[in-house]
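Structural features, examined
Spelled out, the chains give:
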Amino acid sequence: MAGRPSILLSLTLVVGLASQALASPPPDPTTAPSVSATVAATPNPTAEPTVAATPTVPAPAMNPQAGSTPERCLPPGRNPTLPWPGCVGQTGSSAKTNARGIVPAAPARVAPAAAPLASRCVSVSGGSCSIKGKVTKAGGVGLSGIDVYASVDSSSNGYYNSASTAADGTYSVTVDPGTYTLNFSDYSDTYGNGYYSTGGFTYSSSGASPVAVSSADVTGKNVTLPLAVHIKGKVTKAGGVGLSRIAVLVNFSSNGIYNYAYSAADGTYSVAVAPGGTYTLFFRDYSGIYGSGYYSTGGFTYSSSGASPVTVSSADVTGKNVTLPLAPAASTYHALAPARVLDTRPTIGVVVNMGLTGVFKAGMVRTFHVGGARYVGGGTTVAVPTNATAVTGNLTIVGQTATGLVALGPTMTASGEVTTINFVKGDVRANNVTLGLAPDGTLSAVFRSSAGATVQLIFDVTGYFTPDPSGATYHSLAPGRVLDSRKTGGAVVNIGLTGKFANKVVRTFNVASVKGLGWSSALVPAGATAVSGNVTITNATSAGFLSIGPTMVAVPKTSTLNVLAGANVANGVTVTLNAGKLSAVWDGTNGSSADVVFDVTGYFTTGPGGLSYYPIAPVRVLNSATSKGLPGVFATGIPRSLGLAGVGAIPANAAGISGNLTLVNPSSVGFGSVAPSIVGIPKSSTLNSNAHVTVANGFDVALAAGKVSIIWVGTKSSTANYSLDVTGYWR
């Protein structure tokens, strides 16, 4: 209905552990082709937290809090940011039931600010003044049950009072001195909805004629309503079965929500609209069983940017059908010792081919099983059950013949926006992921590069999620440093272990019950089963790799991240604890060493009490190079805020997200961070890069008032672009 208040419409990677060593015998990264390894300008190079502290989300105003609600008000507890006419000003529940066709309960009146009590309107009959008129259809026949809304000073939020037409079409709306616009609504959707104008009727609020009331009734404000035109279609679930009571919200580009309807028992719907307009259709299941999103020519999309416009001229538009997917399930976490389910390399030495055989060729989409699949060393045993909804893990690329990227997810196409890992020729690179699985328990990957290029892929699972309360729930934390092997000096504070990690020497450090730097007390309890965080290698004297986990051996078969001599490299992890401790080992050349930093950003505990995870199809929400999400390059040292709550499949009440942050073509050496909020230059980083080198890292981060902050820190006057893909959310 034109002029109705607008709606705020709703929408991971828990970091993976240990990717297996990359060559046979266990990879010595010094054999990789040399890549420039200038240390990035990180004052204290640690990666930014996985899901930091969960912010408190204030309850929106005008939320029907309990009980039944009037027609066109929201059901209690469902997206309270949507106040319809008849709900504006409502602060409690209504006596009216939420059944189609019932007239809204009249809200509390909001007196115009310019109407002091001394000048209240009194009509000649002794009562308050009114605006009066008659509503008819063509031929002059009166229409009953038409709602008439008087709004103050043409304001979209200035709803003041309402009335319904009598059997003969007459109405009378009580008002005080002021200037009003009149909006006419037919809840049967038989007639068009719009405004009073001196010409009698207009669909557009900009064409409405103001009605001034001073000290007497104003009469003769008559309108003739035209027959409505409609957008029609059907809402179904998989298999073509119709879905009832799905809200169909019609968005008008210039005025927000225009009108809405609910689907009937067979899934059909019909929404009245103004002719000559272009609209988008949003479908919401308030039961939470099915996903909410937009109509597209392909049938359905979570993203508003993928919505297909529907243009209405002077006749009904039909066939706007959608099939809604099931909504993401609340999932709990089961940590694992690393289990390799994909290694495309041929079996030789310590390398065991698994999952798929042969290289990935550029542009080729390949699918491999994770749920129900056996793994290296597992015999016929499976690491991930068939009912898993998502996994955490580490994706590693090796042997690439050209620069490129790999995208991993439940479904993939040869081209697309979403990326998981970017790399240059000859670079051994790993990145952590938390990804939803396809319904059959598979993941798909694609290598995007120049024609004829190839790459080998390795994927290690470090945990999985199931859609039930049998696993652990997540507790997000502000980042706390529990390990920094560097000497205290400047901004560095040694904690956990003293001295560099020597080659092939396993070292163990406490995590649970430790007062990490940045915490006022120990925040990881003794009963924690796993933690999320970020591990960073710095000051490495040779190329090599680090492995971290509950237990380690001197010559590990898994790696968490690989590094070149002198480089700073970070990778997120979700890792199982062993009696509250973690072990780590550095594997480089003989006599080499490296410093290791570990920041905890959250922990898991058995049973309820924490956050559950909801996997979604990976979606790009930021590409500053194309002005998606945020426009233009990031200037050094200036944090920028990106709103995510309610975007696409991320609901308005999400506490945090998981995803992949990519730093694109920075103009200098530097680092980037993503956090709930950033003030000044951060002392931690999510990723580090050299000039003109594109890098990515998985992350989890809390949302602060529905937003995250992102910053680029490089040399003076330097710039960079960012892209951000979301793979799930926490709540």
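None of these values were measured; they are calculated from a predicted model. (Residues numbered from 1 in each chain as written. Predicted model: local features only at pLDDT ≥ 70, side-chain atom pairs only at ≥ 80, totals over all residues. Heavy atoms only, no water.)

Quick word on the sheet that holds strand S22 (residues 404–409)
Taken together, 4 strands build an open sheet; the order of strands is S20-S25-S22-S23 and the sheet is antiparallel. Of all the strands in the sheet, just strand S20 (365–369) and strand S23 (421–423) have a single pairing partner and so form its edges. Taking the axes of each pair of neighbouring strands and ignoring which way they run, one obtains an average angle of 20° across the sheet. In terms of strand pairing, S22 meets strand S25 (residues 442–449) through 6 bridges, oriented antiparallel. The partner of Gly-404 across the bridge, within S25, is Ser-449. (Pairing = 2+ DSSP bridges. Helix = DSSP H or I, 4+ residues; strand = E, 2+ residues; numbered from the N terminus. Axes fitted to C-alpha atoms, helices over the stretch in contact; angles between N-to-C directions.)

Section: the sheet that holds strand S33 (residues 561–563)
The strand order across the open sheet formed by 4 strands is S29-S35-S31-S33, and the pairing between neighbours is antiparallel. One side of each edge strand has no neighbouring strand; the edge strands of this open sheet are strand S29 (507–510) and S33. Across the sheet, the axes of successive neighbouring strands diverge by a mean angle of 25°, strand direction being ignored. As judged from the 5 bridges shared by strand S31 (residues 544–549) and strand S35 (residues 581–587), these two strands associate in the antiparallel manner. Directly across from Ile-548, in S35, lies its bridge partner Ala-584.

Some details on the pairing of strand S5 (residues 170–174)
The alternating pattern of S5 places Tyr-171 and Val-173 on a buried face and Thr-170, Ser-172 and Thr-174 on a face that is not buried. The pairing of strand S2 (residues 130–136) with S5 spans 5 bridges and is antiparallel. If you follow Lys-132 over to S5, its bridge partner there is Ser-172. (Buried < 20%, exposed > 50% of the residue type's maximum accessible area, 1.4 Å probe, protein only.)

As for the nonpolar core
Core analysis: the largest hydrophobic core is formed by 49 residues, its most contacted members being Phe-184, Leu-225, Phe-283 and Leu-324. Contact partners of Leu-324, with chain neighbours within four places excluded, come to Val-235, Thr-236, Lys-237, Ala-238, Leu-243, Ile-246, Phe-283, Tyr-290, Gly-291 and Phe-300. (Core = buried A, V, L, I, M, F, W, Y, C linked by side-chain atoms within 4.5 Å. Contact = heavy atoms within 4.5 Å.)

Observations concerning the environment of Val-384
Relative to the helices and strands, Val-384 is located in the loop between S20 and strand S21 (390–398). For the pair Val-384 and Gly-441, spaced 57 residues apart in sequence, the C-alpha to C-alpha distance is 8.9 Å. Not counting the four nearest positions on each side in its chain, Val-384 is found in contact with Leu-336, Val-370, Gly-371, Gly-372, Ala-373, Val-391, Val-461 and Tyr-464.

Examining the pattern of salt bridges
Scanning the entire structure with this criterion turns up 12 salt bridges. The salt bridge partner of Asp-316 is Lys-232, with a shortest N-O separation of 3.5 Å. Of this pair, Asp-316 sits in the loop between strand S16 (310–312) and strand S17 (322–323) while Lys-232 sits in strand S10 (residues 229–236), and the two are 84 residues apart along the sequence. For Arg-340, the salt bridge goes to Asp-460, with nearest N and O atoms at 2.7 Å. Of this pair, Arg-340 sits in strand S18 (residues 332–343) while Asp-460 sits in strand S26 (residues 454–466); the two residues are 120 residues apart in sequence, bridging distant segments of the chain. Note on Arg-340: relative accessible area 4%, which makes it buried. Note on Asp-460: relative accessible area 1%, which makes it buried. (Salt bridge = Lys/Arg side-chain N within 4 Å of Asp/Glu carboxyl O.)

Focus: the environment of Met-412
Among the structural elements, Met-412 can be located in the loop between S22 and S23. Residue class for Met-412 comes out buried when judged on its relative accessible area of 15%. The spacing of Met-412 and Thr-367 is 45 residues in sequence and 8.9 Å in space, taken between C-alpha atoms. Beyond its immediate sequence surroundings of up to four residues, Met-412 is in contact with Val-365, Ala-407, Val-418, Ser-444, Ala-445, Val-446 and Arg-448.

Some points on unusual backbone geometry
If you check the backbone angles, His-692 has positive phi at about 65° while not being a glycine. The backbone of Ser-717 shows a phi angle near 70°, a positive value even though the residue is not glycine. Along the chain, Ser-717 turns up in the loop between strand S44 (707–714) and strand S45 (719–730). Take Ser-717: its relative accessible area is 65%, and that puts it in the exposed class.

With respect to the environment of Leu-577
Among the secondary structure elements, Leu-577 is positioned in the loop between strand S34 (569–576) and S35. For Leu-577, a relative accessible area of 10% puts it in the buried group. A sequence separation of 27 residues divides Leu-577 from Phe-604, and the C-alpha atoms of the two residues are 9.9 Å apart. Ignoring any residue separated from it by four or fewer positions in sequence, one finds Leu-577 in contact with Val-511, Ala-528, Thr-529, Ala-530, Val-531, Pro-550 and Leu-582.

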